[in-house]
Amino acid sequence: MAKPTPITNRIRALRFDAGEMTQAELAEKIGVTRQTVIAIEQGRYSPSLEVAFKMARVFGVGLEEVFQYPQSAG
Amino acid sequence: MSFQEKSNAAMLVITAAVYGWYFVTSAGSVFGGGLPPEAALAATNVKMLLTVLIIVAVSIVAHILIAIMAPSQANEAADERDKLIEMRGDQRGGFVLALFALLAMGLAMLGKPPYLFANTILAGLVAGELVKGVSKLIDYRRGV
């Protein structure tokens, strides 16, 4: 099993707040496949900084509102 | 499942089937030492070229079928996750290929007939592709 990333995210909640945006719509806006959005949402893939910033820009929030890195993770 | 993932699964099955057939049908008659080296080289040369043609033809048909089944994904370009998964597969497959290259080098140093080098290198390419395909399959499912 791949080592799970300590990075958590609020993408699902942010999509819901953004008029129930679908994963496919978000994927199209940030230039990745829907499967990649699913993997990011489920914590199976940590995106590049560029994709992370694009995602934050789509939701109109700061990066740390989308992704969180726990203090205990070092 | 994305187009890239389906494509990888299809290529994995096609490669395993075509080269499985090649090595199984060559094992007794060619590698078993039943033929003189020149005849063995000629026999495997023809079959090797045939496998390339079969792989190309079958993979074109498979990709057309995949595109027909999910037209919306057909023009989907590989994104950063696909590229990362591809690189991880290349790394693992490359390691296996290197082992077979060393084996082929050893056979050459021992003065073995050329058809054995050719087939050892082919086996390395096939094994490398299979390891890469399995690596990608696992990475797509489990995450990277």
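All of these numbers come straight from a predicted model, not from anything done at the bench.

Cut-off values and rules
- Residues numbered from 1 in each chain as written.
- Chains lettered and ligands numbered in written order.
- Predicted model: local features only at pLDDT ≥ 70, side-chain atom pairs only at ≥ 80, totals over all residues.
- Helix = DSSP H or I, 4+ residues; strand = E, 2+ residues; numbered from the N terminus.
- Buried ≥ 20, exposed ≤ 12 C-beta atoms within 10 Å, placed from the backbone.
- Contact = placed C-beta atoms within 7 Å.
- Nonpolar A, V, L, I, M, F, W, Y, C, P; charged D, E, K, R; others polar.
- Core = buried A, V, L, I, M, F, W, Y, C linked by C-beta atoms within 7 Å.
- Axes fitted to C-alpha atoms, helices over the stretch in contact; angles between N-to-C directions.
- Parallel < 35°, antiparallel > 145°, perpendicular 65-115°, else oblique.
- Left-handed = near helix turned anticlockwise from the far one by under 90°.
- Expected span 1.5 Å × (residues − 1).
- Bend = angle between axes of the 7 residues up to and from the residue.
- pLDDT = per-residue confidence, 0-100.

Chemist: What is the right way to look at the overall build of chain B in this model?
Modeler: For chain B, the helix and strand inventory stands at four helices and zero strands. Reading chain B from its N terminus to its C terminus gives the helix and strand order α-α-α-α. The dimensions of chain B, computed from C-alpha atoms along their principal axes, are 55 × 30 × 20 Å. Put simply, chain B has 144 residues, and 22% of those count as buried. Excluding contacts between residues fewer than 6 apart, the proportion of contacts in chain B whose partners are at least 24 apart in sequence is 80%.

Chemist: Before we go on, may I ask you to explain the interface of chain B and chain A in this structure?
Modeler: Chain B puts eight residues into the contact, and the matching count from chain A is twelve residues. Residues of the side of chain B that touches chain A, tallied by class, amount to one nonpolar, two polar and five charged.

Chemist: Help me understand the nonpolar core, please; the structure alone is not making it clear to me.
Modeler: What tends to happen in soluble globular proteins is that the nonpolar side chains get buried as a cluster. Residue and element names in this part refer to chain A. Among the nonpolar cores identified, the biggest contains eleven residues, and these are I11, L26, I30, V32, V37, A39, I40, Y45, V51, M55 and V66. Elements with a contribution of two residues or more to this core: helix 2 (23-30), helix 3 (34-41) and helix 4 (49-59). Considering every element that reaches this core, the biggest residue donor is helix 3, with three residues. Beyond its immediate chain neighbours, meaning those up to four positions away, I40 contacts N9, I11, Y45 and P47.

Chemist: What am I meant to see in the packing of helix 1 (residues 3-31) of chain B against helix 4 (residues 114-142) of chain B here?
Modeler: Helix packing for two helices is described by the angle between their axes and how far apart those axes are. All names here are of chain B. At a closest axis distance of 9 Å, the pairing of helix 1 and helix 4 adopts a crossing angle of 150 degrees. In terms of orientation, helix 1 and helix 4 fall into the roughly antiparallel class. Here the hand of the crossing between helix 1 and helix 4 comes out left-handed. Along its contact with helix 1, which presents E5, N8, A9, M11, L12, T15, A16 and Y19, the element helix 4 presents V126, E129, L130, G133, V134, K136, L137 and Y140. Classifying every residue of the contact of helix 1 with helix 4 by side-chain character gives ten nonpolar, three polar and three charged.

Chemist: Which parts of the structure should I look at to understand unusual backbone geometry?
Modeler: Most of the time, phi is negative for any residue but glycine, and the peptide bond is trans. Phi at E20 of chain A takes a positive value of approximately 50 degrees, unusual for a residue other than glycine. Residue classification places E20 of chain A among the exposed positions, given that 8 C-beta atoms sit within 10 Å.

Chemist: Can you walk me through helix 3 (residues 80-109) of chain B in this structure?
Modeler: Count 3.6 residues to each turn of an α-helix, and residues three or four apart come out pointing the same way. Taking 1.5 Å of rise per residue, the 30 residues of helix 3 of chain B would be expected to cover 44 Å, and the 43 Å separating its terminal C-alpha atoms lies within 8% of that figure. Every buried residue of helix 3 of chain B is listed here: R81, D82, I85, G89, G93, L97 and A104 of chain B. Check the buried side of helix 3 of chain B and you find it contacts helix 3 of chain A together with helix 1 and helix 4 of chain B.

Chemist: Just checking my understanding: could you explain the environment of L84 of chain B for this structure?
Modeler: Mapped onto the fold, L84 of chain B is located in helix 3. Separated by 43 residues in sequence, L84 of chain B and L41 of chain B place their C-alpha atoms 39 Å apart.

Chemist: How do you make sense of the packing of helix 3 of chain B against helix 4 of chain B when you look at a structure like this?
Modeler: Residues and elements named next belong to chain B. One way to put it is that helix 3 packs onto helix 4 with a least axis distance of 7 Å and a crossing angle of 160 degrees. With respect to helix 4, the axis of helix 3 lies roughly antiparallel. As for the relative orientation of helix 3 and helix 4, their crossing is right-handed in sense.

Chemist: Can you help me understand helix 1 of chain B in this one?
Modeler: Residues and elements named next belong to chain B. Its axis deflected by about 30 degrees at T25, helix 1 carries its strongest bend there. Restricting attention to buried positions, one finds in helix 1 the residues F3, Q4, N8, M11, T15, Y19, Y22 and V30. Those residues of helix 1 hidden inside the fold are in contact with helix 2 (37-69), helix 3 and helix 4. Phi for G33, located one or two positions after helix 1, is positive at around 85 degrees.

Chemist: What exactly am I supposed to notice about the confidence of the model for chain B here?
Modeler: Detailed conclusions should not be drawn from predicted coordinates in areas where pLDDT is low. All names here are of chain B. Averaged over chain B, the pLDDT score is 91; the fraction of residues at 70 or greater is 100%. Here helix 1 stands out as the element of chain B with the lowest mean pLDDT, 90, in contrast to helix 3, whose mean of 96 is the highest. Here the predicted complex carries an ipTM of 0.84, next to a pTM of 0.85.

Chemist: Hey, could you run me through the environment of T120 of chain B in this one?
Modeler: Residue and element names in this part refer to chain B. Tracing the backbone through its elements, the reader meets T120 in helix 4. Along the chain, T120 and L102 lie 18 residues apart, while their C-alpha atoms are 9.7 Å from each other. Each residue touching T120, except ones within four places of it in the same chain, is listed here: F100, L103, A104 and L107.

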